[in-house]
Amino acid sequence: MEMAVGFHRTLTPSFSVNPNSRRLSSSPILAKRILGQTLSSPAITKLPLTFRPLTSVRSSIKCSVSEATETQLEIADKKRQLMRRRDIRNIAIVAHVDHGKTTLVDAMLKQAKVFRANQFVQERIMDSNDLERERGITILSKNTSITYKDTKINIIDTPGHSDFGGEVERVLNMVEGVLLVVDSVEGPMPQTRFVLKKALEFGHAVVVVVNKIDRPSARPDFVINSTFELFIELNATDEQCDFQVIYASGIKGKAGLSPENLAEDLGPLFEAIIRCIPGPRIDKDGALQMLVTNIEYDEHKGRIAIGRLHAGVLQRGMDVCTSEDACRYARVSELFVYEKFNRVPAETVEAGDICAVCGIDDIQIGETIADKISGRPLPAIRVEEPTVRMAFSINTSPFVGREGKYVTSRNLRDRLYRELERNLAMKVEDGETADTFIVSGRGTLHITILIENMRREGYEFMVGPPKVINKRVDDKLLEPFEIATVEVPEVYMGPVVELLGKRRGQMFDMQGLGAEGTTLLKYKIPTRGLLGLRNAILTASRGTAVLNTIFDSYGPWAGDITTRDQGSLVAFEDGTTTSYALSSSQERGQLFVGPGSDVYKGQIVGIHQRPGDLSLNVCKKKAATNIRSNKEQTVILDTPLVYSLDDCIEYIQEDEMVEVTPSSIRMCKNPKLAKKTR
C-alpha cells in the first residue's frame with residue numbers, strides 16, 4: 001500500500017514564471033530575491049507550439065525543477081519500483097466562485113476539437129445540472145478529457161463555493177496537479193486559499209492562471225504578488241513557490257506568458273500543463289488498486305464507481321474485491337474511460353488513468369477496488385467536519401399531501417441517508433423523535449441545495465432554522481468562525497461596516513479594488529453572525545455588495561447576537577385570503593401573500609414592522625347585509641414579497657419552520673415552540 005500511495009509527499013516538480021516575460025515585477029522569482037532567497041533555474045530553451053497554423057513561435061515554458069532534481073526523482077522511482085506515465089496528465093481546475101473555471105474549460109474543450117465545427121454547444125457545458133444552470137454556480141465536480149500532442153489530459157471541473165469544499169477535497173485524490181484560476185482584478189479570495197491549501201498538502205504541482213485579463217481594471221502585478229504571498233502563508237516549499245504563471249481570457253479563448261502578449265489560442269496553457277504537471281506515478285506491475293472518489297447512478301448500469309487507477313491493470317470481466325472492513329467480491333461488468341466529453345467503453349485500463357467501473361452494487365466513496373488475491377486498501381478519503389446543522393421533519397401542516405409524492409418519515413429517512421453515499425461532507429443523525437432528522441453540512445447553501453433537489457424529486461417536508469455546531473474543549477465553549485470578504489461600493493461602506501459590527505465581526509483588512517470605486521473588507525466573524533446576513537447586506541448596499549465566506553477555525557464564544565429586529569405576521573385562521581382583509585393587514589407590515597391564496601392557522605403571511613409577532617385575520621370577508629352598502633370599493637394592494645428557499649431559511653428564527661413542497665415554499669410557526677403572539 002505504501003508503494004502505491006506514498007508519493008503524495010515526495011519531491012514534486014513545480015514551476016517558475018518565464019524569465020523572458022516582459023513583466024518582471026509580477027514574477028515570484030523576483031519576490032523571492034527581495035526576500036533574500038535564491039532559486040536555481042535551468043537553461044531556457046525555445047519550443048515552437050503548433051497548436052494552430054496561425055500561432056507564432058512563443059517563449060518557452062520552463063519548470064523550476066533542475067536536471068539533477070529530475071534525475072533524483074527517477075532514481076527514487078526506480079528504488080520504489082514506480083514509474084511515471086508520460087502520455088497522461090490528470091489535473092483539477094480550482095478557483096474561487098465566479099473566477100471563470102467552467103468558462104475556461106469550455107474554451108479548452110472547443111480548441112481541442114471535442115465538438116464538431118457545426119455542433120451547437122451551450123455556454124458552461126460542464127454545468128449540466130438544472131440547479132447549476134439556474135444559480136450559475138458549479139455544485140458537483142465533473143470529469144472530461146482532451147488530447148493535445150498525443151497526450152491525454154483528464155480535466156476535473158470543481159465547485160468554487162466554500163460550502164462544496166468536500167467535492168474539491170475528494171477529487172484532489174485523483175490528480176497530480178491543479179490549475180489555480182485567479183481573477184485578474186479580485187486576486188486570491190477565501191476559497192482560493194482553501195483549495196490551494198489542500199493542493200499543497202497533497203504535494204500537487206500548481207500552475208497559476210490569471211483569468212479575465214481583458215477586464216479594463218485588471219491588475220496582474222498585484223494578483224501575482226498576492227498569490228505568491230498566499231503560497232508563503234500556506235508554508236509552500238521553495239519549489240512550489242516558484243510556480244508557472246499563465247495569463248488568459250477564458251471567454252475569448254486566449255492565453256499567453258505576459259498580459260500584453262496573448263496568443264490567439266490557449267496553446268501556452270496546454271503547453272504549461274504538459275511541461276509543468278507531472279504524469280501519474282504508478283506501480284504498473286503491482287497488484288490492482290483503485291480509490292473510488294465519486295459515485296454516479298444509471299438506471300440500466302446501476303452504481304458507477306469513478307476514480308483513478310493507482311496500480312496494476314483493470315480489465316472488463318475481472319474479479320475484484322472491495323475492502324473496508326471485510327473483503328467483498330465482485331466482477332467488473334463494464335469499464336469506461338473519459339474521452340472528450342463522453343464515457344467510452346474500454347476493455348483494459350492501465351494504472352494512472354481515470355476510469356468508471358460498473359458491476360459493484362454496494363461500492364461506496366472512499367473504498368478501494370483491489371486485486372482479488374493480493375490487493376491492499378488505500379488510505380480512506382478524509383474531509384473537514386461540518387459547521388452548520390438543520391432539523392428535517394415530516395410535514396405537519398394542514399396542507400400535507402396536497403402537492404408532494406413522498407411525505408412519510410420512512411421516505412424522508414431513506415432519501416437523507418442515500419445522500420450520504422455521495423456527499424462525504426454531510427452528516428445525518430436521528431433526531432429526538434422518530435420523524436425528525438438532524439442534517440449537518442458545511443454551510444446553509446450546502447444544505448439548501450439538498451432541500452431544493454429533494455423538493456424537485458417530489459418530497460414534502462419541513463426544516464428548522466440553521467444552527468451552528470459548537471464544541472466544548474477543556475470546559476470552554478468554542479464556536480466556528482469564518483472569514484467574510486465583502487466587496488462594496490464606497491458610498492455604502494458605512495451601513496455594511498455597522499451591520500457586520502453588530503454581528504460580532506472583527507475587521508482585519510480593508511483595501512481599494514482597482515479604479516471601480518469598490519472597497520474590499522475582510523472580517524473574522526462567528527458563523528452565527530452570518531445566518532441571515534446576505535439579505536441584510538444586500539438591503540444595506542442597495543443590492544451592490546458581494547459577500548464571500550469560508551470556514552477559518554473554532555474560537556471562544558463571541559456572545560449573544562441579534563439577527564432579526566422585526567417580528568412576523570401570523571395567520572389567525574384557516575381559509576382563503578381576501579383583498580378586503582389584506583388592505584387593512586398591509587398597514588401592519590410587508591405581506592408574503594396576495595388575494596386568493598390558501599393559508600392555515602400559524603402560517604407566516606408577512607413581516608411585522610415592529611418587534612414581536614402579530615396575529616392577523618387575512619381571510620376576513622366584507623359583510624354583505626342589507627344595512628351596509630354593497631357598492632364595490634377600489635382596493636389598492638402592495639405587491640407581496642416573493643421569498644426564495646434561501647431567503648426563507650435566512651429569515652426564520654428559533655420558533656419558526658419552512659414548509660417545503662414541490663410547488664410551494666411556506667413559513668409557519670413551530671407548534672411545539674410557539675410563543676405567545678400579540
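Before reading further, recall that the structure is shown in the block above.
The rules behind each value
- Residues numbered from 1 in each chain as written.
- Predicted model: local features only at pLDDT ≥ 70, side-chain atom pairs only at ≥ 80, totals over all residues.
- Heavy atoms only, no water.
- Helix = DSSP H or I, 4+ residues; strand = E, 2+ residues; numbered from the N terminus.
- Buried < 20%, exposed > 50% of the residue type's maximum accessible area, 1.4 Å probe, protein only.
- Contact = heavy atoms within 4.5 Å.
- Areas by Shrake-Rupley, 256 points an atom, 1.4 Å probe, with all protein chains shown as cover.
- Pairing = 2+ DSSP bridges.
- Axes fitted to C-alpha atoms, helices over the stretch in contact; angles between N-to-C directions.
- Parallel < 35°, antiparallel > 145°, perpendicular 65-115°, else oblique.
- Left-handed = near helix turned anticlockwise from the far one by under 90°.
- Nonpolar A, V, L, I, M, F, W, Y, C, P; charged D, E, K, R; others polar.
- Phe/Tyr/Trp six-rings, centres within 6.5 Å; stacked < 30°, edge-to-face > 60°.
- Lys NZ or Arg CZ within 6 Å of the ring centre and 35° of its normal.
- Salt bridge = Lys/Arg side-chain N within 4 Å of Asp/Glu carboxyl O.

Enquirer: Please explain the overall build of the protein chain as it appears in this structure.
Expert: Scanning the protein chain from terminus to terminus reveals 17 helices and 37 strands. Residue burial in the protein chain is summarised as follows: out of 678 residues, 55% are buried. Counting contacts in the protein chain only where the partners sit at least 6 residues apart, residues at least 24 apart contribute 73% of the total. Total accessible area computed for the protein chain in this model is approximately 30800 Å², and 49% of it derives from carbon and sulfur atoms.

Enquirer: I tried to follow the sheet that holds strand S3 (residues 142-148) on my own but got confused; where do I start?
Expert: Paired through their backbone hydrogen bonds, the strands of a sheet run either parallel or antiparallel. Strand order in the open sheet made by the seven strands is S3-S4-S2-S5-S6-S7-S8, with mixed pairing throughout. Of all strands in the sheet, those bounded by a partner on one side alone are S3 and strand S8 (254-256). When strand polarity is set aside, the average angle formed by the axes of neighbouring strands in this sheet is 30°. Of the pairings in the sheet, the one linking S3 to strand S4 (residues 151-157) comprises seven bridges and is antiparallel in character.

Enquirer: When you look at the packing of helix H13 (residues 493-502) against helix H15 (residues 533-540) in this model, what are you seeing that I'm missing?
Expert: The relative placement of two packed helices is expressed as an angle between their axes plus a distance between the axes. The contact between H13 and H15 brings their axes to 9 Å, and the two run at 155°. By the criterion of interaxial angle, the relationship of H13 to H15 is roughly antiparallel. Remark: the crossing between H13 and H15 carries right-handed chirality. Here Pro 495, Val 496, Leu 499 and Leu 500 of H13 come into contact with H15, specifically with Leu 533, Ala 536, Ile 537 and Ala 540. Split by residue class, the contact of H13 with H15 holds eight nonpolar, no polar and no charged.

Enquirer: Which parts of the structure should I look at to understand the packing of aromatic side chains?
Expert: For any two aromatic rings, the description comes down to two numbers: the centre-to-centre distance and the angle of the planes. In total, this model carries nine aromatic pairs according to the counting rule given. Aromatic side chains Phe 592 and Tyr 643 sit 5.0 Å apart centroid to centroid with 45° between the ring planes, which places their arrangement in the tilted category. Residue Phe 592 is located in the loop between strand S32 (589-591) and strand S33 (598-599), and its partner Tyr 643 is located in the loop between strand S35 (614-616) and helix H17 (645-651); the two are separated by 51 residues in the primary sequence. An aromatic cluster is built from Phe 592, Tyr 643 and Tyr 651, whose rings are joined through pairwise contacts. Its end group placed over the ring of Tyr 554, Lys 471 keeps NZ or CZ at 4.5 Å from the ring centre.

Enquirer: So what exactly am I meant to see when it comes to the pattern of salt bridges here?
Expert: It is possible for side chains of opposite charge to pair when their charged atoms get near one another. Counted according to the given criterion, the structure contains 30 salt bridges. The salt bridge partner of Glu 264 is Lys 254, with a shortest N-O separation of 4.0 Å. Note that Glu 264 is positioned in the loop between S8 and helix H10 (267-276) and Lys 254 in strand S8, a separation of ten residues in sequence. With its nearest N and O atoms 3.1 Å apart, the salt bridge here joins Glu 656 to Lys 669. Remark: Lys 669 occurs in strand S37 (residues 665-669) and Glu 656 occurs in strand S36 (residues 656-660); sequence separation between them is 13 residues. Just as Glu 656 is buried, Lys 669 falls in that class too. Salt bridges here are not isolated pairs; linked through shared partners, they connect Asp 613, Asp 655, Glu 656 and Lys 669.

Enquirer: Would you mind going over helix H4 (residues 101-111) with me for this structure?
Expert: With nine of eleven residues buried, H4 lies mostly within the body of the structure. Every buried residue of H4 is listed here: Lys 101, Thr 102, Leu 104, Val 105, Asp 106, Ala 107, Met 108, Leu 109 and Gln 111. Check the buried side of H4 and you find it contacts strand S2 (88-95), S3, S4, strand S5 (177-183), strand S6 (205-211) and H10.

Enquirer: Hey, could you run me through the pairing of strand S15 (residues 334-339) in this one?
Expert: If a strand is regular, its side chains alternate between the two faces of the sheet. Across four bridges, the pairing between S15 and strand S18 (residues 354-358) is antiparallel. From the neighbouring strand, Leu 335 faces S18, where its bridge partner is Val 357.

Enquirer: Please clarify how the side chain of Ser 585 should be interpreted in this entry.
Expert: Relative to the helices and strands, Ser 585 resides in helix H16 (residues 579-585). Beyond its immediate sequence surroundings of up to four residues, Ser 585 is in contact with Leu 569, Leu 591, Leu 616, Asn 617 and Val 618.

Enquirer: Which parts of the structure should I look at to understand the sheet that holds S32?
Expert: Strand order in the open sheet made by the four strands is S32-S34-S30-S35, with mixed pairing throughout. Sheet topology places S32 and S35 at the edges, where each strand pairs with a single neighbour. Strand-to-strand, the axes of this sheet are offset by a mean angle of 30°, without reference to chain direction. For S32 and strand S34 (residues 604-608), the ladder comprises three bridges, and the chain directions are antiparallel. Counted as the bridge partner of Gly 589 is His 608 from S34.

Enquirer: Would you mind going over the environment of Gly 203 with me for this structure?
Expert: Structurally, Gly 203 is set in the loop between helix H7 (190-201) and S6. With a relative accessible area of 12%, Gly 203 lands in the buried category. In this structure, the C-alpha to C-alpha distance between Gly 203 and Gln 240, residues 37 residues apart in sequence, is 8.6 Å.

Enquirer: Could you clarify how one ought to interpret the packing of helix H11 (residues 409-419) against helix H12 (residues 444-456) in this entry?
Expert: Packing of H11 against H12 brings their axes to within 12 Å, and their N-to-C directions diverge by 130°. For the element pair H11 / H12, the angle class is oblique. Considering the relative orientation of H11 and H12, their crossing is right-handed. Contacts between H11 and H12 pair Leu 412, Arg 415, Leu 416 and Glu 419 from the former with Leu 450, Asn 453 and Met 454 from the latter. Taken together, the residues of the contact of H11 with H12 break down into four nonpolar, one polar and two charged.

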